[in-house]
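# A closer look at the structure
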Amino acid sequence: MSTSIETRYASSPQEAKSWDTAQARQALLITPLFEADAVRLVYSHYDRFITGGVMPVKKAVKLETVDPLKAGYFLERRELGIINTGGAGTVTVDGEVFSINFKEALYIGKGKKEVIFASKDAAAPALFYINSTPAHMNYPTRHITRKEADVVVLGAQETSNHRTINKLLVNAVLPTCQLQMGMTELKPGNTWNTMPAHTHDRRMEVYFYFEVPQGQSVCHFWGQPQETRHIWMQNNEAVISPPWSIHSGAGTSNYTFIWGMAGENLDYGDMDHCAIPDLR
Ligand SMILES: O=C[C@H](O)[C@@H](O)CC(=O)C(=O)O
Ligand SMILES: [Zn+2]
């Protein structure tokens, strides 16, 4: 079977307080995401958000339905966001072929029956990072590149957080039911993402770190603002942020990450910011 799915239950802040390093990683860290010619999925009970990786190498890989969905096909009651973090590839949606290059995104609406992933060159396989959430409407499938994205530059060199936020699959760009996805690129010499940190108890979030150079890592901070913890992240790993948690990281170099959210609203700016000196 080329599709695997693992379940992660939701946890309370009280429970998370007592976790040791291994328990925190077991609950929140998603790795490995990419396996040749396979689909790897993690089903979180926070907003029923699915995080996954698809790496077609020798053959095309189909997105099969999985038992926890009890659905005839994967997108029967879900929508899907895809960002390619590897070599050039294609995604075929009910027979329509989309060429998705490095750092380009594809939104696929509810109701699409067949989704097939392929790489253009087995020597440089595509690495499709995917997020999926429950959906109630069939919105059109759309290929979104940096040109269509809502791009903002935030932070500064002086505070080590100068970065470009590419809002790719967000409601300012295209209609979705609840999934919101984008990609943030840190400029050279900058290390901090999402600082000042924030929470949004209305939405959970998942971060996927990539373009982390060999021998470097990103320290990802999570937990309630006055009770923080950290997880050391390697290249191509993802981490679940419970709705009650901050989600911010500092790398030993610059890096890029994809954020994906789902929950109560579609308002990117709806965040409860934490003043930096108040963090504990
Ligand atoms: O709720 C929004 C998300 O946490 C990210 O978009 C934040 C981010 O990319 C950044 O500040 O670097
Ligand atoms: Zn956030």
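Residues numbered from 1 in each chain as written. Chains lettered and ligands numbered in written order. Predicted model: local features only at pLDDT ≥ 70, side-chain atom pairs only at ≥ 80, totals over all residues.

### Focus: the sheet that holds strand 21 (residues 237-241)
- The antiparallel open sheet is built from 7 strands, whose spatial order is 2-21-18-23-15-14-13. In this open sheet, the two strands that pair with only one neighbour each are strand 2 (29-30) and strand 13 (150-154).
- Examined bridge by bridge, strand 13 and strand 14 (residues 163-169) share 5 bridges and lie antiparallel to one another. Note that in strand 14 the partner of Asp150 across the bridge is Lys167. (Pairing = 2+ DSSP bridges. Helix = DSSP H or I, 4+ residues; strand = E, 2+ residues; numbered from the N terminus.)

### A look at the pairing of strand 18 (residues 203-210)
- The buried count for strand 18 comes to 8 of 8 residues, which makes it a mostly enclosed element.
- Taking every second residue as pointing to the same face, both faces of strand 18 are buried, with Arg203, Glu205, Tyr207 and Tyr209 on one and Met204, Val206, Phe208 and Phe210 on the other.
- Across 8 bridges, strand 18 lies against strand 23 (residues 256-263) in antiparallel orientation. Paired with Val206 across the two strands is Gly260, which belongs to strand 23.
- Pairing of strand 18 with strand 21 involves 5 bridges; the strand directions are antiparallel. Within the sheet, the bridge partner assigned to Glu205 lies in strand 21 and is Ser241. (Buried ≥ 20, exposed ≤ 12 C-beta atoms within 10 Å, placed from the backbone.)

### Concerning the sheet that holds strand 22 (residues 246-251)
- With antiparallel pairing, 4 strands are arranged side by side in an open sheet as 16-22-19-20. The open sheet terminates on both sides in strands that have one partner only, identified here as strand 16 (192-193) and strand 20 (227-233).

### Brief notes about the site of ligand 1
- Taken together, the residues surrounding ligand 1 are Arg163, Ile165, Gly182, Thr184, Asn193, Thr194, Glu205, His247, Trp259, Met261 and Met271.
- Of all the secondary-structure elements, those providing two or more residues to the shell around ligand 1 are strand 14, strand 15 (180-186) and strand 23.
- When the residues that make up the shell around ligand 1 are grouped by side-chain class, the tally is 4 nonpolar, 5 polar and 2 charged. (Near = placed C-beta within 6 Å. Nonpolar A, V, L, I, M, F, W, Y, C, P; charged D, E, K, R; others polar.)

### So, the environment of Glu64
- Positionally, Glu64 belongs in the loop between strand 5 (61-62) and strand 6 (78-84).
- Exposure remark for Glu64: the 14 C-beta atoms within 10 Å place this residue in the partly exposed category.
- As a C-alpha pair, Glu64 and Phe74 span 10 residues in sequence and 6.1 Å in three-dimensional space.
- When neighbours within four sequence positions are excluded, Glu64 is seen to be in contact with Thr3 and Phe74. (Contact = placed C-beta atoms within 7 Å.)

### Notes on the nonpolar core
- Core analysis: the largest hydrophobic core is formed by 66 residues, its most contacted members being Ile82, Ala105, Leu168, Phe208 and Tyr209.
- With 6 residues, strand 18 is the single largest residue contributor to this core.
- Every residue in contact with Leu168, bar those within four places of it in the chain, is listed here: Ile83, Ala105, Ile144, Ala149, Val173, Met181, Gly182 and Met183. (Core = buried A, V, L, I, M, F, W, Y, C linked by C-beta atoms within 7 Å.)

### Some remarks on the UniProt feature "binding site: Zn(2+)" (unreviewed entry) in the protein
- Those residues carrying the UniProt feature "binding site: Zn(2+)" (unreviewed entry) are His198, His200, Glu205 and His247 in this numbering. Across 50 residues of sequence, these annotated residues stay compact in space, with a maximum C-alpha separation of 11.4 Å.
- Structurally, His198 can be placed in strand 17 (residues 198-199).
- Judged by the 16 C-beta atoms lying within 10 Å of it, His198 is partly exposed.
- Leaving out residues up to four positions away in the same chain, His198 has contacts with Ile246, Met271, Asp272, His273 and Cys274.
- Here His247 shows up in strand 22.
- A tally of 26 C-beta atoms within 10 Å means that His247 is categorised as buried.
- Beyond its immediate stretch of four places on either side in the chain, His247 contacts Thr194, Glu205, Tyr207, Trp222 and Ser241. (UniProt positions renumbered as here; feature names shortened; annotations may be inferred.)

### Considering unusual backbone geometry
- Backbone torsion omega between Thr31 and Pro32 reads -5°, so that peptide bond is classified as cis.
- Tracing the chain through its elements places Pro32 in the loop between strand 2 and strand 3 (39-44).
- Across the junction of Met195 and Pro196, the peptide omega takes the value 0°, indicating a cis bond.
- With respect to the secondary-structure elements, Pro196 resides in the loop between strand 16 and strand 17.
- Of note in the backbone geometry, Asp47 takes a positive phi value of approximately 55° without being a glycine.
- Residue position: Asp47 is located in the loop between strand 3 and strand 4 (50-54).

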